[in-house]
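Remarks on the overall topology
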There are 2 protein chains.
Amino acid sequence: MQRSDREERIRPSWSQWRAIASRKSYRVVLAVVMLVSVGASRASAQTDPLPSWNDGAAKQAITDFVTRVTLQGGADFVPPAERIAVFDNDGTLWCEQPVYFQLAFGLDSVKALAPKHPEWRHQQPFKAFLSGDKEGLASQGEKGLLGLIAAAHSGMTTDDYAVSVAGWLAQARHPRFDRPYNELVYQPMVELLAYLRANGFKTFIVSGGGVEFMRVWAEKAYGIPPEQVVGSSGVTQFKIGADGRPLLTKLPKVEFIDDGPGKPSGINRFIGRRPILAFGNSDGDQQMLQWTAAEPGARFLGIVHHTDSAREYAYDRRSKIGKLDKAWDEAVQRGWTVVDMAKDWKTVFAFEHSNTGALQ
Amino acid sequence: MQRSDREERIRPSWSQWRAIASRKSYRVVLAVVMLVSVGASRASAQTDPLPSWNDGAAKQAITDFVTRVTLQGGADFVPPAERIAVFDNDGTLWCEQPVYFQLAFGLDSVKALAPKHPEWRHQQPFKAFLSGDKEGLASQGEKGLLGLIAAAHSGMTTDDYAVSVAGWLAQARHPRFDRPYNELVYQPMVELLAYLRANGFKTFIVSGGGVEFMRVWAEKAYGIPPEQVVGSSGVTQFKIGADGRPLLTKLPKVEFIDDGPGKPSGINRFIGRRPILAFGNSDGDQQMLQWTAAEPGARFLGIVHHTDSAREYAYDRRSKIGKLDKAWDEAVQRGWTVVDMAKDWKTVFAFEHSNTGALQ
């Protein structure tokens, strides 16, 4: 056989391709698809989908669970439409220290808006906050703080509110890490979200935080679109503005608190299916974990345990923010997966690998 | 050239396929993909995605809009993630005559539950309803009717409620068509939903109906999963049952009415993005249509106009249920698409083509 003849057989011409494809298109496609898939699965077997997780029981529990529920024909197989995964946000997907970031935003908003509200200088709780009277502010309790923030945003349109959140993220810096707050997302959890989605899961945030606050940045940070963010909300009012354009205005009235026993109600109302995977970090997530665990079938229940004062913060068992007490006892008793941040996470924040990181 | 030689060139052996694929895999895949896609697009050009729609302005407006927003590089291109389409349910996706189907369910529930509640025989509004006292019931107004239904389901768990909706659908029949209520879905709208999803849209129900009532059957009827159903809701309460299992119980307290000006609030809270397509049929949808229309960019606003007494019902301009008055004026003034059911729909219900249809 001549060389040119051999080449011709190995590389069919375009007209031959057409002939092959039209006469035997099914077989051709099948063959190519098989070759391509063999290549792809070899490549993925070599690539760790969770590179920021250290090998250990927590990582193994995650990958075992995903393997079980996605194995077609297996005893624990779950159809893709039912692969619902829910994640708390503060302390589970991003940092919540030294204060909830939404509280930092709210207090910065009050300061920024104060010049337009001279009356605040004489009204509590604004007066205490603006004059730096920490004791006076503390005497208003948590409710006073939340009232302060709700009042500050009251009367804003939902569009203006989103703009103000984005503006704050663009300029505010975390006091310890000197980074924009939305860089304080946990890299291992970002990888876990992507890994679940690659395995046919639909990932949701179910957080006590404000739904409109989170939606501004959640898609970019986590790949979770606005319609998969469940959170607390205030009442909004529809009206036609002076220019004839319809507006939604924020009222200073709480509509729904998506925390503690509110989380199963939020899941029921917004998602309408029972999750098969839930991740939290505090007692505020206990009922969401119980609700997820309650149906038969394979379930994954995870808790992020904050043990890393060097890279993040060590707190939670006796902390005021993110207290992990009753949910801890239940996790230990029922064998839920507790992720020890110091031990299980190779990387906490993506910026740790950057030269300009202000990590202490 | 011998015959066997020619065959060998046209049909490479498995080892030759491997050699081709490994040496020139990109070109091979590309060629096959091109041939396959040419075939696929030829096939789809011949298949009308909206076969139950008659040719005319309404159908044309729909396909023109979808073509414009999906044309990569075109002036009106919208990325898939932002292709949010919202649909009212009663009178838009399924029939709402002679009464809202959820009301029929509620009244049937009161009758079914009455033997367990002897006290209802002496309590209004139950007494009037159960004794057939239509005047007494009418005197309670719409609020009385809704109160009746809410009271009937109060204290049920969300799981039991879903079971009771499914049970009702399995045995109840529409008084005119003698069909299960969930067969009274409009076939042209089912096709429209599928056509939009095939073009990268995410389809949502945004209805004044109860979210837990709709979710039981919406996925099968429309291909819309539970997490894409927005509706009115009552408060639910989380508790741990006597057997240690967590439960959500329905309380007789309205949480949110997703109707009229509530629809933009519902869209804001549940979806968190501005839709680019909205379809309704009554004044209760006017604010949803206004909210969808208000942002710049290509928009589709549609109204189902009930004109077909032979195949469905002719009502709406002056009707009590599904009144189309203010939204009609705005649609005419702003050039929104009004679908004339008698004229624009070739088929109304899928069962019209069945031999056992009780169509009058």
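Residues numbered from 1 in each chain as written. Chains lettered and ligands numbered in written order. Predicted model: local features only at pLDDT ≥ 70, side-chain atom pairs only at ≥ 80, totals over all residues. Heavy atoms only, no water.

Along chain A, the regular secondary structure elements total 14 helices and seven strands. With 360 residues in all, chain A has 51% of them scored as buried. Within chain A, counting contacts between residues at least 6 apart in sequence, those at least 24 apart form 66% of the total. Of the roughly 16,800 Å² that chain A leaves accessible, carbon and sulfur atoms contribute 53%. (Helix = DSSP H or I, 4+ residues; strand = E, 2+ residues; numbered from the N terminus. Buried < 20%, exposed > 50% of the residue type's maximum accessible area, 1.4 Å probe, protein only. Contact = heavy atoms within 4.5 Å. Areas by Shrake-Rupley, 256 points an atom, 1.4 Å probe, with all protein chains shown as cover.)

Mapped onto the elements of the fold, Arg274(A) is located in the loop between helix H11 (262–271) and strand E5 (277–280). Since its relative accessible area comes to 15%, Arg274(A) is described here as buried. Polar side-chain contacts of Arg274(A) include one of 2.8 Å to the backbone oxygen of Trp291(A). A distance of 3.3 Å separates polar atoms of two side chains, one belonging to Arg274(A) and the other to Glu295(A). What Arg274(A) contacts, discounting residues up to four positions off in sequence, is Ile84(A), Trp291(A), Thr292(A), Ala294(A), Glu295(A), Arg299(A), Asp159(B) and Arg245(B). (Polar contact = N/O pair within 3.5 Å; in protein donor to acceptor, adjacent residues only side chain to side chain.)

Below, the discussion takes up the packing of aromatic side chains. Evaluation of the coordinates by the stated rule reveals 47 aromatic pairs over all chains. Measuring from centroid to centroid gives 5.9 Å for Trp53(A) and Trp345(A), while their planes differ by 75°, and the two rings are edge-to-face. With a gap of 292 residues between them, Trp53(A) in the loop between helix H2 (14–46) and helix H3 (57–70) and Trp345(A) in the segment after helix H14 (341–344) connect regions that are remote in the sequence. Classification of Trp345(A) as buried rests on a relative accessible area of 1%. Above the plane of the ring of Tyr313(A) lies Arg176(A), whose end atom (NZ or CZ) is 5.0 Å from the centre. Taking the ring centre of Phe256(B) as reference, the NZ or CZ of Arg269(B) above it sits at 4.6 Å. (Phe/Tyr/Trp six-rings, centres within 6.5 Å; stacked < 30°, edge-to-face > 60°. Lys NZ or Arg CZ within 6 Å of the ring centre and 35° of its normal.)

This part is about helix H4 (residues 101–113) of chain B. Here H4(B) contains 13 residues, and its C-alpha end-to-end distance of 18 Å stays within 8% of the 18 Å for a straight helix at 1.5 Å per residue. Buried within H4(B) are the following residues: Phe101(B), Leu103(B), Ala104(B), Phe105(B), Gly106(B), Leu107(B), Ser109(B) and Val110(B). (Expected span 1.5 Å × (residues − 1).)

Residue and element names in this part refer to chain A. With respect to topology, seven strands assemble into an open sheet ordered E4-E3-E2-E1-E5-E6-E7, the strand pairing being mixed. Of all the strands in the sheet, just strand E4 (246–256) and strand E7 (337–340) have a single pairing partner and so form its edges. Neighbour to neighbour, the strand axes of the sheet diverge by 30° on average, direction disregarded. In this structure, strand E1 (residues 84–87) lies alongside E5, joined through three bridges in parallel fashion. Bridge pairing in E5 places Phe-87 opposite Phe-279. (Pairing = 2+ DSSP bridges. Axes fitted to C-alpha atoms, helices over the stretch in contact; angles between N-to-C directions.)

This part takes up the confidence of the model for chain A. Looking at chain A as a whole, the pLDDT averages 87, with 85% of positions reaching at least 70. In this model residues 1–44 of chain A is a low-confidence stretch, pLDDT under 50, and it forms 46 contacts with partners more than four residues away in sequence or in other chains. (pLDDT = per-residue confidence, 0-100.)

Residue and element names in this part refer to chain B. Read across the sheet, seven strands follow the order E4-E3-E2-E1-E5-E6-E7 without closing on themselves; strand pairing throughout is mixed. The sheet terminates laterally at strand E4 (246–256) and strand E7 (337–340), the two strands that pair on one side only. Mean inter-strand twist for the sheet, computed between neighbouring axes without regard to direction, equals 30°. Where strand E6 (residues 300–305) lies against E7, four bridges are found, and the strand directions are parallel. Each residue of the ladder has a partner; that of His-305, found in E7, is Asp-340.

This paragraph deals with the packing of helix H3 (residues 57–70) of chain B against helix H9 (residues 187–198) of chain B. Residues and elements named next belong to chain B. H9 packs onto H3 with a crossing angle of 15° between their chain directions and a minimal axis gap of 11 Å. Regarding the angle of H3 to H9, the classification is roughly parallel. Two packed elements cross with a definite hand, and for H3 against H9 that hand is right-handed. In this structure, H3 uses Ile-62, Thr-63 and Val-66 to contact H9, whose residues at the interface are Leu-192, Tyr-195 and Leu-196. Its residues assigned to classes, the contact of H3 with H9 comprises five nonpolar, one polar and no charged. (Parallel < 35°, antiparallel > 145°, perpendicular 65-115°, else oblique. Left-handed = near helix turned anticlockwise from the far one by under 90°. Nonpolar A, V, L, I, M, F, W, Y, C, P; charged D, E, K, R; others polar.)

This next bit is on the environment of Glu227(A). Position of Glu227(A) among the secondary structure elements: in the loop between helix H10 (211–222) and strand E3 (229–240). With relative accessibility at 8%, the residue Glu227(A) sits in the buried group. Spatially, the C-alpha atom of Glu227(A) lies 9.2 Å from that of Phe270(A), the residues being 43 residues apart in sequence. Setting aside its immediate chain neighbours within four residues, Glu227(A) contacts Phe204(A), Ile84(B), Lys202(B), Phe204(B), Phe270(B), Ile271(B) and Arg273(B).

Of all eight residues in helix H12 (residues 286–293) of chain A, eight are buried, a share of seventy percent or more. Where H12(A) is concerned, the buried positions are Gln286(A), Gln287(A), Met288(A), Leu289(A), Gln290(A), Trp291(A), Thr292(A) and Ala293(A).

Next up on the list: the pattern of salt bridges. With the rule as written, the count across this model stands at 34 salt bridges over all chains. We note a salt bridge from Asp55(A) to Lys59(A), for which the minimum N-O separation is 3.5 Å. Judged by its relative accessible area of 71%, Asp55(A) falls in the exposed class. Residue Lys59(A) is classed as buried on the basis of its relative accessible area, which comes to 8%. Glu295(A) is the partner of Arg245(B) in a salt bridge, and the nearest nitrogen-oxygen pair spans 3.1 Å. Taken as a pair, Arg245(B) in the loop between strand E3 (229–240) and E4 and Glu295(A) in the loop between H12 and strand E6 (300–305) lie in two separate chains rather than in one. A relative accessible area of 32% means that Arg245(B) is categorised as partly exposed. Connected via shared salt-bridge partners are Asp159(A), Arg245(A), Arg274(B) and Glu295(B). (Salt bridge = Lys/Arg side-chain N within 4 Å of Asp/Glu carboxyl O.)

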